[in-house]
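Summary of the model geometry
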Amino acid sequence: MSWLFGYKSQVPPQGGDGGPEPPGPPPSSAGSAGQAAGDANLTKAERKAMEAYRFDSSALERAAEAARTLERSKHAREALELSKLQETTRQQEYLAKVKEYEAHIETSKVEQKRVDHEERRKTLAEETKQQQQRAQYQDQLARKRYEEQLAQQQRVQEENLRKQEESVAKQEAMRRKTIEHEMELREKNKMKLLEAELRAKAKVDRENRDLTLEQIRLKAEENRITVMEGIKTAGSVLGQGATALLTDWNKVVTTVGGLSLLALGVYTAKGATGVTARYVEARIGKPSLVNETSRFSLLEALKHPIDTVKRLKNKPTDALQGVVLQPKLEERLRDIAIATKNTKNNKGLYRNILMHGPPGTGKTMFAKRLATHSGMDYAIMTGGDVGPMGRDAVTAIHKVFDWANTSRRGLLLFIDEADAFLRKRSSEQISEDMRSALNAFLYRTGEQNPRFMLVLASNTPEQFDYAINDRLDEMVEFTLPGLEERERLVRLYFDKFVLQPAAEGKKRFKVEQWDYSAVCSKMAKMCEGMSGREISKLGVSWQAACYASEEGVLTEQMVLDRCEAAVRQHRQKMAWLSEQEKLDHKSITGGKGFLTQ
C-alpha cells in the first residue's frame, strides 16, 4: 500500500483493458518557485528542520486519484491482495531481520562472555604470576635474612672463639710464667743448696786434707807392690814353660799337631753344616720363593697330613677335564699336554712355554692340570716376590733351580707375573739387583733340562727381555670367552653353585621353578667381555643372594639382578683402566679361548 501515499513516483502502465491512468501533473510551478525562494533565505540547519515538518498535499491528491482509478479497475481486488501479500512478505522479512538481529545480539553476548572469561583468566594468571613472584621475592628475602642470621651467628661464634682463645692464651701465658718462676726459684734454691754443700765439703776436705793424702799414698804403694809381684810371677812361669817347651821336641810336635787338628775340625764342621743345611732344604723343605708346590716334603706333610695323603692318592687325569675353551685352543693345549706326558715317560728334554692373556683366563689352573696329567710335580712362584729380596734374589733363584733339579718325578716350575723381574734390560729402568737376578735366571735356563719344565705367565708379554723370549719354545694366548663359551660357563657355574646345593637339600637354599636354560642364555649375552673368574664370582654371588633372602629361596629376578650388578662392576673396572693399561692389555676385548674348572 506504500504506493497509495506517494512513495512511488510512477505507476507501471496498464494494458488496454482500462487500467489506471498515470497521475496528474504536479502542482503549479509558481507555488513551488515561491517556496523555493523562501527556503533560499534559510540556513542549512533551518532548511533541514523545515523539511521534517513540511506536508506535501500533492501526495494525498495522487493517492486519492490512484484510489479512484483502482476502484474503477476490474483488477482492484487482485491488486489489493497483491499489496497485502507484499506487505506480509515485508513483515516476514522484517521479522527475519529481527530474529537475525536478536541472534546477532546473543552471539555478541556469548562472544562478550568469552572475552570476559578470557580476560578473567588472564587476570587470574597474572595475579598468580604476581603472587608467585611475590612469594619468590619473600622467599629470597627470608633466605637472605636467614643467611644474614647465620653469618651473624658465625661472626658471634668466631668472636666468642677468638675471645676464648685469647683467654686460654692468657691463662697459658700466666701458667707458663708461673711455672718458669717456680722453676727459677727451684733452680735458685738448688744452686744455693749446692753452694752450701760444696762449701761444707770444701771445709771438711780442708780439715781432712792431711789424712786423705796419707790414705792415697798408702793405697798407691800397696797397688804398686801387687802389680810388681804379679809381673814377676807371670814372667817366671812363662820363662820356665818356654824353656821346657823349646828343650823338649816331643812337646813342640804335639802342640803344633793339636792346633792343626783343631783348625781342621772347625773348618770341616762348618762345611758339613752348610752341606747338611742345603740337603735338608732341598729334600725336606722348599725354597722361600716357592709359594705352592705338589712336591712331597716332610715339613709340609707334618703341617698338612690330610692334604698330603689326598695328593698321594690322586691319579693322573685329563689335562682339559672340566675345561671350557675355544676348539682351536683346546686342540693346541691337548697337543702340549700329550707331548709333555710322553717327554716325561721317555726322559726327554722339556720345552719351555709362555702363556699370556688377560687376568682370570685360567693360565695357572692349566699349568697345575698339565703337571698332574703328566705325572710331574709343580711349583708356583710369583715374579713380584723377587724384587723385594734385593741382593738375596740371586741366591734365592739359584736355590729354586737347585731344588728343582733334585726332583725325581720332574718339576713344572710355573712363574706367574713373570714380567715383574724379567723385563727388558735395554729400555726398562731396572736396578742392579734386578739385573743380577735376571742374569742368574738366564744362566740357569740357558739349555733345556730333563729335570724341570719352565712355564711363564704374563698379561704383558711384550715387556720380556729378548733373551727370555729366546728361551721360550711355545707361546699360547688365552683370550676372553666368546658367546658360546660364556653360555657353557654360566650353565656350568649355575649347576655347580645353585642346582647342586639345592639338590643336596642344604639348609636355607632353595630354587624356584623357572626356565633355567633361557635365563642362562640371556645372562651369557649380558656378560660380554667378562672373564671366567668374573663369571665364577657371579655364581658365588647367586649363593650369597639366596643366603641373604628372608626365606632362603633363589628367584629368577634375584639371579638377573646379581648378573646386572656384576656387569656394571665389570664396566666400571674397564673404565678405570688408563690408556697405557689398555694398550698393555690389548687382548682384554679379544677372542674366545678360555679355561675354567
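Residues numbered from 1 in each chain as written. Predicted model: local features only at pLDDT ≥ 70, side-chain atom pairs only at ≥ 80, totals over all residues. Heavy atoms only, no water.

- The protein chain is annotated in an unreviewed UniProt entry as AAA+ ATPase domain-containing protein of Anopheles epiroticus.

**Here's the deal with the packing of aromatic side chains**
- Following the criterion strictly, the structure yields 10 aromatic pairs and no others.
- Considering the side-chain rings of F366 and F478, the 6.3 Å spacing of their centres and the 50° angle between planes classify their relative orientation as tilted. Here F478 lies in the loop between strand 6 (474-477) and helix 14 (483-503) and F366 lies in helix 10 (residues 363-374), a separation of 112 residues in the sequence.
- Overall, the relative accessible area of 2% leaves F366 in the buried class.
- Taken together, F401, F421, F441 and F452 form an aromatic cluster joined through their ring pairs. (Phe/Tyr/Trp six-rings, centres within 6.5 Å; stacked < 30°, edge-to-face > 60°. Helix = DSSP H or I, 4+ residues; strand = E, 2+ residues; numbered from the N terminus. Buried < 20%, exposed > 50% of the residue type's maximum accessible area, 1.4 Å probe, protein only.)

**What to know about the pairing of strand 3 (residues 377-382)**
- For strand 3, the tally of buried residues reaches 5 of 6 residues, placing the bulk of the element in the interior.
- Note: strand 1 (residues 290-293) against strand 3, 3 bridges, orientation antiparallel. Within the sheet, the bridge partner assigned to V290 lies in strand 3 and is M381.
- Where strand 3 meets strand 4 (residues 411-416), 6 bridges bridge the pair, whose relative direction is parallel. Paired with M381 across the two strands is I415, which belongs to strand 4.
- In this fold, the crossover linking strand 3 to strand 4 by way of helix 11 (residues 392-405) has right-handed handedness. (Pairing = 2+ DSSP bridges. Right-handed = clockwise from strand over helix to strand, strands pointing away.)

**Some remarks on the sheet that holds strand 6**
- Overall, mixed pairing links the 6 strands, which are arranged 1-3-4-5-2-6 in an open sheet. The strands lining the two open edges of the sheet, one partner per strand, are strand 1 and strand 6. Each neighbouring strand pair of the sheet contributes to a mean axis angle of 20°, computed without reference to strand direction.
- On the sheet, helix 10 packs against strand 1, strand 2 (353-356), strand 3, strand 4 and strand 5 (452-458) and is oriented at approximately 175° with respect to strand 4. (Axes fitted to C-alpha atoms, helices over the stretch in contact; angles between N-to-C directions. Contact = heavy atoms within 4.5 Å.)

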